[in-house]
Amino acid sequence: MDELLRIWRLCHDFVLFFDDFPAWLNAQGISKNIPDYEKLLLEYDDLFKGTNADIYIPLWASACKGNGDILLDTTTLDLIKTYNAWGYEAVPMDGNPPDFIGQQFRFLCYLSAVELHSPAAGCGQAREKFRDSFLTDTVRALSEGIRRYGVSPVFHPLADRLETFPEGDVSKIPLEQLYCYDISQNGRRPARPDKEQRIINTTGTNNCGGRCVIRITEQEGCVLDISTECGNGGEPALRACIRGLSYRETFINSRRLRYPMVRTGERGEGRFRRISWEDAADITIGEWKRIRDTHGPSSRYVNYSTGVQTVFRPDNIVRRLLFLDGGSLLFYNNYSNACLTVTTPYIYGDTLTGNSFETVLDAKLIILWGFNPKETIFGTRRFPYLLKARAKGIRIIVIDPRHSDTARACADQWIGIKPSSDAALADAMAYVIWSEGLQDQHFMDTYCQGFDEAHMPEGIKPGESYETYLFGKKDGIPKTPEWAETITGVPAGTIRNLAREYAAAKPGCILPGYGPQRTGSGEQTVRAVALLTALTGNIGKIGGSAGVLGEVPNIPFTFFPLPENPYPGKIPCFLWTKAAEHALEMSPEKDGLIGVERLSSNIKMILNFAGNTLINQHSDINRTIRLLKDTGKIEFIVGSDIFMTPSAKFFDLLLPGASSFENNNIAQSGTGADSYLLFCRKAVEPLFGCRFEYDFIQTLAKRLGLEEPWSTGYATFEDLIQGRYNELRKIAPEAPEFEAFKDGAKCFFNLPKPYIAYESQIRDPDHHPFKTPSGKIEIFSRRLYDLNRPKEIPAIPCYVPCPEGPEDPLREKYPLQLIGWHTKKRTHSVHDINMRLDKIDPQCLWMHPDDAKARGIEDKQPVEIMNDRGRIRIEAHITTRIIPGAVALSQGGWYTPDASGTDTRGSINVLTSQIPTPLARGNPQHTNLVEVRKYISFSA
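Peer 1: Kindly report on the overall build of the protein, identifying the contributing residues and their values.
Peer 2: Broken down by element type, the protein carries 32 helices and 26 strands. The C-alpha atoms of the protein give a radius of gyration of 30 Å, which matches the 30 Å a tight globule of 940 residues would have. Counting only C-alpha atoms and orienting by the principal axes, one finds that the protein spans roughly 105 × 65 × 55 Å. The buried share among the 940 residues of the protein stands at 63%. Here the contacts in the protein between residues at least 6 apart in sequence split such that 73% fall between residues at least 24 apart. Carbon and sulfur atoms make up 50% of the accessible area of the protein, which amounts to about 34700 Å² in all.

Peer 1: Could you give an account of the packing of helix α10 (residues 277-295) against helix α25 (residues 693-703), naming the residues involved and the relevant values?
Peer 2: α25 packs onto α10 with a crossing angle of 55 degrees between their chain directions and a minimal axis gap of 10 Å. Put simply, α10 runs oblique to α25. Judged by the twist between their axes, the crossing of α10 over α25 is right-handed. Residues W277, E278, A280, A281, D282, T284, I285, W288 and K289 of α10 pack against F696, T699, L700 and R703 of α25. Residues that form the contact of α10 with α25 fall into these classes: seven nonpolar, two polar and four charged.

Peer 1: How would you explain the pattern of salt bridges if you had to name every residue and give the values?
Peer 2: If you walk through the whole model with that rule in mind, you get 62 salt bridges. R390 is the salt-bridge partner of D412, the closest N and O atoms lying 3.2 Å from each other. With D412 in the loop between α15 (405-410) and β10 (413-415) and R390 in helix α14 (residues 382-391), the pair connects residues that are 22 residues apart, well separated along the chain. Across the pair K813 and D868 runs a salt bridge, and its minimum N-O distance is 3.0 Å. You can see K813 sitting in the loop between α30 (782-785) and β21 (816-819) and its partner D868 sitting in the loop between β23 (862-867) and β24 (870-878), a full 55 residues away along the chain. D868 sits in the exposed class, given a relative accessible area of 57%. Put simply, K825, R826, D832, D838 and R905 are held in one network by salt bridges that share partners.

Peer 1: Before we move on, could you go through unusual backbone geometry and cite the residues and values that matter?
Peer 2: Omega for the bond connecting F165 with P166 falls within 30 degrees of zero, at 15 degrees, which places this linkage in the cis form. Inspection of the secondary structure puts P166 in the loop between α7 (155-164) and α8 (181-186). A cis amide bond links K506 to the next residue, P507, at an omega of 5 degrees. Along the chain, the position of P507 falls in the loop between α20 (492-504) and β12 (508-512). In this model, N788 sits at a positive phi of 60 degrees, which is unusual for a non-glycine residue. Within the secondary structure, N788 is located in the loop between α30 and β21. Residue class for N788 comes out exposed when judged on its relative accessible area of 63%. We note that K860 has phi near 70 degrees; this positive angle belongs to a residue other than glycine. Along the chain, K860 turns up in the loop between α32 (849-854) and β23. With relative accessibility at 56%, the residue K860 sits in the exposed group.

Peer 1: Provide a residue-level description of α7, including the pertinent values.
Peer 2: Taken together, the buried positions of α7 are F155, L158, A159 and L162. Along the long axis of α7, the arc covered by the buried residues comes to 105 degrees, so they all point the same way. Of the surrounding secondary structure, the elements contacted by the buried residues of α7 are α1 (2-19), α2 (21-27), α3 (37-48), α5 (101-117) and α6 (123-149).

Peer 1: Give me the packing of aromatic side chains: which residues, what numbers.
Peer 2: One pass over the structure, following the stated rule, counts 61 aromatic pairs. Pairing F443 with Y447 gives two aromatic rings, centres 4.8 Å apart and planes at 50 degrees, and the pair type is tilted. Of this pair, F443 and Y447 both sit in helix α17 (residues 441-447), four residues apart, which is roughly one turn of the helix. Comparing F443 with Y447 shows no difference in burial state: the two are buried. Through a chain of ring-to-ring contacts, three or more aromatic side chains come together here, namely F17, F18, F21, W24, Y44, F48, F100 and F155. The cationic tip of R402 hangs over the ring face of W821; the distance from NZ or CZ to the ring centre is 4.0 Å.

Peer 1: Break down the pairing of strand β8 (residues 365-369) for me, citing the residues and quoting the values.
Peer 2: For β8, the tally of buried residues reaches five of five residues, placing the bulk of the element in the interior. Residues L365, I367 and W369 of β8 are buried on one face, and the alternating residues I366 and L368, pointing to the opposite face, are buried as well. Sheet analysis places β8 next to strand β9 (residues 395-399), joined by five bridges and oriented parallel. In the sheet register, L365 faces β9, and the bridge partner there is R395. Relative to β12, β8 runs parallel, the two being bridged by five bridges. Across the sheet, the residue bridging to I366 is C509, located in β12.

Peer 1: Break down the environment of P457 for me, with residues and values.
Peer 2: Take P457: it is sitting in the loop between β11 (448-449) and α18 (466-470). Since its relative accessible area comes to 14%, P457 is described here as buried. Separated by 186 residues in the primary sequence, P457 and R271 place their C-alpha atoms 62 Å from one another. Among residues more than four places away in sequence, those in contact with P457 are Q449, F780 and R782.

Peer 1: Describe the sheet that holds strand β19 (residues 747-748), listing the residues and the values that go with them.
Peer 2: Pairing between sheet strands relies on hydrogen bonds along the backbone, with the strands arranged either parallel or antiparallel. With respect to topology, three strands assemble into an open sheet ordered β17-β18-β19, the strand pairing being antiparallel. Whereas interior strands pair on both sides, the edge strands pair on one side only; in this sheet they are β17 (665-668) and β19. Pairing between β17 and strand β18 (residues 676-680): four bridges, direction antiparallel. Along β18, the bridge assignment pairs N665 with C680.

Peer 1: With reference to specific residues and values, describe the side chain of D641.
Peer 2: For D641, the location among the structural elements is in strand β15 (residues 636-641). The buried charged residue D641 lacks any salt bridge, with R256 as its nearest oppositely charged partner at 8.0 Å. Engagement of the side chain of D641 in a polar contact is seen with the backbone nitrogen of F643, the distance being 3.5 Å. Among residues more than four places away in sequence, those in contact with D641 are L257, G611, L654, L655, P656 and G657.

Peer 1: Can you tell me about the packing of helix α16 (residues 422-435) against helix α19 (residues 481-488), naming the residues and giving the values?
Peer 2: Each pair of packed helices can be summarised by the angle the axes make with each other and by the distance between the axes. Where α16 contacts α19, the two axes come as close as 9 Å, and the packing angle between them is 165 degrees. Judged by the inter-axis angle, α16 sits roughly antiparallel to α19. For the element pair α16 and α19, the recorded crossing hand is left-handed. The residues of α19 that touch α16, namely those facing A424, L425, D427, A428, Y431 and V432, are P481, W483, A484, I487 and T488. Looking at the contact of α16 with α19 residue by residue, the class counts come to nine nonpolar, one polar and one charged.

Criteria and cut-off values
- Residues numbered from 1 in each chain as written.
- Predicted model: local features only at pLDDT ≥ 70, side-chain atom pairs only at ≥ 80, totals over all residues.
- Heavy atoms only, no water.
- Helix = DSSP H or I, 4+ residues; strand = E, 2+ residues; numbered from the N terminus.
- Rg over C-alpha atoms; globule rule 2.2 N^0.38 Å.
- Buried < 20%, exposed > 50% of the residue type's maximum accessible area, 1.4 Å probe, protein only.
- Contact = heavy atoms within 4.5 Å.
- Areas by Shrake-Rupley, 256 points an atom, 1.4 Å probe, with all protein chains shown as cover.
- Axes fitted to C-alpha atoms, helices over the stretch in contact; angles between N-to-C directions.
- Parallel < 35°, antiparallel > 145°, perpendicular 65-115°, else oblique.
- Left-handed = near helix turned anticlockwise from the far one by under 90°.
- Nonpolar A, V, L, I, M, F, W, Y, C, P; charged D, E, K, R; others polar.
- Salt bridge = Lys/Arg side-chain N within 4 Å of Asp/Glu carboxyl O.
- Arc of directions from axis to C-beta.
- Phe/Tyr/Trp six-rings, centres within 6.5 Å; stacked < 30°, edge-to-face > 60°.
- Lys NZ or Arg CZ within 6 Å of the ring centre and 35° of its normal.
- Pairing = 2+ DSSP bridges.
- Lys, Arg positive; Asp, Glu negative; His and termini not counted.
- Polar contact = N/O pair within 3.5 Å; in protein donor to acceptor, adjacent residues only side chain to side chain.

Quick look at the structure:
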């Protein structure tokens, strides 16, 4: 009996430690009046509540069994089944999963109480089995963590006691005060039946350009497996890629943020103090009102973020509240396709340049120009249609500096090209087509403006047409394949063959990706490639293309409408760092400011919900860090995430968001060429103290007296989802009823026939002109001509060398061109914490053998990549799948600096530039010059 009570008291002591630390300290005789009491509480939270980015101690059996930090897996389920068999019901312990170490010790208290009541119940054997199956691994990980990170003398003795459990002794706690004392009086509870497995239909919510079906196998609140649909041989299935199939390892991860926190260290240190949700609301509202009243609406800014890509996005939810409370500075365009969205209206008058996926099956030739849908997805059914086209015998050519996974899977030919030189290749192709009489002259004469002197707008001096440029009549340089070879690295013969083959294909389809326009003069890439489709008459025809990977008409419905913003000012999203330091100097002409002639304040408050752009995805990380560390510039940063990302470390107030497994939402197909909705269904309860951002923003709305207008008339978020969906059904009767949709029914908006961009304009130009000033496809743009910046923004599509491009003299110092790419293991920076995906596609620098040999670098050797902006240390991957003179590093790796500031994770934005593109002010993140050298460690 004494031995049983000793073990029970010991387990009770451990439960108290994890359940109520102040009470545990009091039981140890440690008073709150001691000098370091608050410091002790902070260290406890650092060790066991996730408030310090540099400390991680796994506290859950599932995370300690070698499964890669996964929570709520089969280990958790086995433990719950053990609880059920003994009639034990887990009690709330600070939102922790049921396999939390404190809960494990409480179960042992329960077994001890049962044994005291019924000595023959077999509790001793059950206790030993439970300890061997679950507790031992958890205790080992916990004690190792305490010894590694613990500072206070309070914690190391605890590690000693954990390691010697069940030996050890504690004070004589009265029996009636022990956890589960009532069980010792009343006996064990009846066994609880295990809940049945169920399949939950949900969807991916990443910003990958696709939207797939995800099926979760759930039991007892545990996520046991993820599968997807396979299709039946007809339309391509909405099949999840390796990222979607790995959602469990990413989102149900023990490294999750757990509780609201306020910063205690310097911005970027990742040191915080835990607070309540009410305290978080108090702090936010205080800063919200102070900054609003002191600096005005242009001082408030919701940062660009796409970590949650659903129709009810946290950034839009808080943006609505700002608009109702006086307004805020807005951005326009985005990091993905700024050059495309800004430039395309100058050519066609709008951005509706996409064709339905299935139209590629009618092409005679497909050119994927910097387009890699096998990895980026960009429409869940897009790559399957390309595979269908290949199976049909349609020839596919890929133009890319890398031999991408798409090229590997479906290309008949890969053409390697120097980064930032795509417009020169397009010009040379146009030269061949035109000089050899392969152009569609009728199409050009009928639908185009500015291709030659006879088709120029009135009032333009001679010599400004595209023909004048192309044949060197003005500068003396014909844009021949030989001219282009020196710039692009593509042999002149290859250029000629490519041009002839494309011109002969009737129809021919060029599908450019977003990558080529994320370069220093990306606008010209957009225009030059579109010119080729006009020159050959492939626009408006099934199997052809407009040469721009744009939108198609979609159902006209907004799920969460935004009211009018009282503040009219907008900046290009890439220039937010300038608006934080030099807003008063920004102008429409120089910086693309629209809505106002001048801003009235620098950005003083940033709201950054569900995104890692603040640091990780924005160019020139070290420059941004210097800005953010100065709290006199941006005075308050509040945001949410589900992990301590590089951006989250710079928040003043950090909120733990709920993952897509933990709340309901609606997801829309990621590209307008494939229009459908899927329901994102909650599978498990939010972990720890996490909440979907809507709940927190609703609290802010209440504090501001704006809840009624902000909520659009719905009392709860669940009411909002259902209500807005039912509003959609009024204009889209083909949408299934809400309950069926919620259970997994797909909501497709099928067009009556495949959409072909500008089909009506080509068929009937008199009644359906293009929406340009001339009503035609504007090869020459008078609007661009009138900007009077011909060297940066010419009026015609042409090759414009850019800073750090292939012709920059800086190559003497930094001779290699560095590009990024969208890897199959991440969606931007999402999933970088997922070690399963990291093993599939390790972060490394792709380098051609010739460049490696010249530097004495071998495969898998650590190297340093450097330029004047920063330095990265990463492993080299020597491969012929990249052209000589270029190196590649997949974008999205989490910035992880060592003590010297050298990044050790391969975050490409340490090296990218904040110089925006000339017209769109978009990001130039594929235009970077670097040097690479072997890394030699001098440490002992």
